[in-house]
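Okay, here's what each chain looks like letter by letter:
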Amino acid sequence: MHPILYDAALALHNVTGFRALGKRKRRQADDEPQKRRRPGKALGVGYPESGREIRASIAYDDHEAPQGELGTTGLNATGGQIIDDYNSSMQNLSTRMARYQEMYNSDTAIGAMEQLIVPPIQSAKWEITPHQDDKSDAGKYLAERMHRNIIEGEGMSHSWRELLEQVLDAPFFGFALTETVWDTQTNGVDGPRTVLRKFARRERTSVQQWDFDDEGGLKGYWFRGQRPDGTYINRQYIPIDRLVVWTWHGKGRNPEGMGCLRRAWKAHRYEEQLSHWALLRVERSATGLWVAQPTTDDIEVTEAEATTIRAVLSRIRAGNDVGIVLPGPNWKLDLTWPGSSDIPWESMIERQRQYKLQSMLCHFVGLSQGGDKGSFGLSKDHSSMFIGSLRATADWVADIFNQYVVPRWVAYNHSGRPRYMPVLRHGQIGLRDLTPFANYIRALMDMNVFVPPDLTNVVLEEAGLPPLTDEDARIRAEAFQLHFSKNVPGVASAVDGQQDDQEDTSDAATEGADAADSADSE
């Protein structure tokens, strides 16, 4: 189709919606040179049976991707207050955090979870290294400077372990807030530079109001709190470029996230009620049930006497100085035994504790407690899953740090944006069982089975070990070849014959070179 006719057909299609079809396309000979389409024109999709082609119905000169967002995240954040909980009593942030803090401070199951999660991640080896594709000296120098500043604490008023302790509140409370405080040093080892002085902790209850953009992205929040001198800050805006919001399970871009304390809240309430009822049952078993009644049936009981005797009965407690004073001579008390209780209070309470431990895969520490049964194999499987969860938690810390902290630090200390950014990495998390690990290494390094270097690196990565270098792979291949040639029948002679052929070829080449040198000299 002629270009002018095609433009007219396309315009007609855009107005009316009718499909514009070109004429039957002539079959091109094999020896005929390919015709290139005109730049900027739409491609045609041909049908082999009919020879027709359908032209694109979009504007052929529009190569720009659509910009902006049309929808939102759906987060209910009216007036800067997030309402994202089905329980109306847990929708207010201050109320929710107060309940979580009570659980965090007084619940032994939550305390066990904290000891299982925080210390192993704190004690892991953390380092800032160049990107794996960055081989330049500038990238190495930049990563070393950042490592000295943040990990080793050069110029910091807070240690790296303190930051991890603050950040790891997020898996429990849902989120953690830190404000990045920068400082300029003029007399450092590297000369004038901008360094991080601290990640200042900001309490979750200091959030007076969140600030979102039109698409639901976080822009900052309005801070309220008290200074050490007692003065009160009522409304101070902190923008997002001075914040690091460590959100745990923040679905729908919810900065408050959802921690394990929210999921454990129902089990915590059930445990409180069961413990209360169990204590009442113990007290009733110790003191019995006291029944007050008049000495004779013809005595008329006044309302004042009834109120007094009810108060006497309600104050009966088991103790060293227990005693009862009757309000008058017309009353007598009888002790009634409440009977035995077949309700397994301990098992029910321990079950609720197990539910709380399950919220962070820590329930292996509660096996065989409270009537539950367990085994070593079951505990080992559960602990293995927990170690994997710990590594994922450490990866979460590293991902947020690499996404929000590293670019800011580089921007303040590097002219322009480098192609590769430094990366925060962590080492081994948790304890390793050395017996299966030794068997694992022995099987991997077995000289009777040749494992290709690529597959070896995959297996090493699964174990959290560094991959083989090119030199290591070459030495391993030569050692395997030597071991295989000496221990497999029939291969040693073939290898020796191949080596003899190589030696004969080398000798012949040497003799030929000597003859050529003699001819040149003559």
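Note that the structure is a prediction, hence the values are computed from the model and not measured.

(A) Summary view of the overall build of the protein chain. Along its length, the protein chain carries 15 helices and twelve strands. Each of the 522 residues in the protein chain was classed as buried or not, and the buried ones make up 31%. For the protein chain, the proportion of contacts with a sequence separation of at least 24, taken over those separated by at least 6, is 64%. Counting only carbon and sulfur atoms, one obtains 52% of the accessible surface of the protein chain, whose full area is about 33,100 Å².

(B) Fine view of the nonpolar core. Trp 126, Ile 150, Trp 160, Phe 172, Trp 246 and Phe 401 are the most contacted members of the largest nonpolar core, which totals 70 residues. The greatest single-element share of this core, amounting to twelve residues, is contributed by helix α11 (residues 376-413). With near-sequence residues (within four places) excluded, Phe 172 lies in contact with Tyr 104, Ile 110, Met 113, Glu 114, Ile 117, Gly 259, Cys 260 and Leu 261.

(C) The packing of aromatic side chains, seen in detail. One pass over the structure, following the stated rule, counts 13 aromatic pairs. Ring centres of Trp 248 and Trp 396 lie 5.1 Å apart, and the angle between their planes is 85°; on these two criteria the pair is classed as edge-to-face. Of this pair, Trp 248 sits in the loop between β9 (243-247) and α7 (260-263) while Trp 396 sits in helix α11, placing them 148 residues apart in sequence. Consider the rings of Phe 364 and Phe 386, whose centres lie 5.4 Å apart with planes at 50°: the pair is tilted. In this pair, Phe 364 sits in the loop between α10 (345-358) and α11 while Phe 386 sits in helix α11, placing the two residues 22 residues apart along the sequence. Residue classification places Phe 364 among the buried positions, given a relative accessible area of 15%. Here Phe 386 falls in the buried class, since its relative accessible area comes to 5%.

(D) The arrangement of the packing of helix α3 (residues 108-123) against helix α5 (residues 160-167) in detail. Contact pair α3 / α5: the axes reach a minimum separation of 10 Å and the direction vectors enclose 150°. Overall, the two elements α3 and α5 adopt an arrangement that is roughly antiparallel. Remark: the crossing between α3 and α5 carries right-handed chirality. Residues Ile 121, Gln 122 and Ser 123 of α3 lie in contact with α5, whose contacting residues are Arg 161, Leu 164 and Glu 165. Grouping the constituent residues of the contact of α3 with α5 by class yields two nonpolar, two polar and two charged.

(E) Quick look at unusual backbone geometry. Its identity is not glycine, yet His 249 carries a phi of approximately 55°, on the positive side. Classification of His 249 by relative accessible area gives partly exposed; the value is 43%. Notably, Leu 361 is not glycine yet its phi reads approximately 60°, a positive angle. With respect to the element layout, Leu 361 can be found in the loop between α10 and α11. In this structure Leu 361 comes out as partly exposed when scored by relative accessible area, which is 32%.

(F) Spotlight on helix α13 (residues 453-462). For α13, the full list of buried residues reads Thr 456, Asn 457 and Leu 460. An end-on view of α13 places all buried positions within 100° of arc, on one side of the element. Projecting away from the buried face of α13 at angles above 90 degrees are the exposed residues Asp 454, Glu 461 and Glu 462.

Rules behind the numbers
- Residues numbered from 1 in each chain as written.
- Predicted model: local features only at pLDDT ≥ 70, side-chain atom pairs only at ≥ 80, totals over all residues.
- Heavy atoms only, no water.
- Helix = DSSP H or I, 4+ residues; strand = E, 2+ residues; numbered from the N terminus.
- Buried < 20%, exposed > 50% of the residue type's maximum accessible area, 1.4 Å probe, protein only.
- Contact = heavy atoms within 4.5 Å.
- Areas by Shrake-Rupley, 256 points an atom, 1.4 Å probe, with all protein chains shown as cover.
- Core = buried A, V, L, I, M, F, W, Y, C linked by side-chain atoms within 4.5 Å.
- Phe/Tyr/Trp six-rings, centres within 6.5 Å; stacked < 30°, edge-to-face > 60°.
- Axes fitted to C-alpha atoms, helices over the stretch in contact; angles between N-to-C directions.
- Parallel < 35°, antiparallel > 145°, perpendicular 65-115°, else oblique.
- Left-handed = near helix turned anticlockwise from the far one by under 90°.
- Nonpolar A, V, L, I, M, F, W, Y, C, P; charged D, E, K, R; others polar.
- Arc of directions from axis to C-beta.

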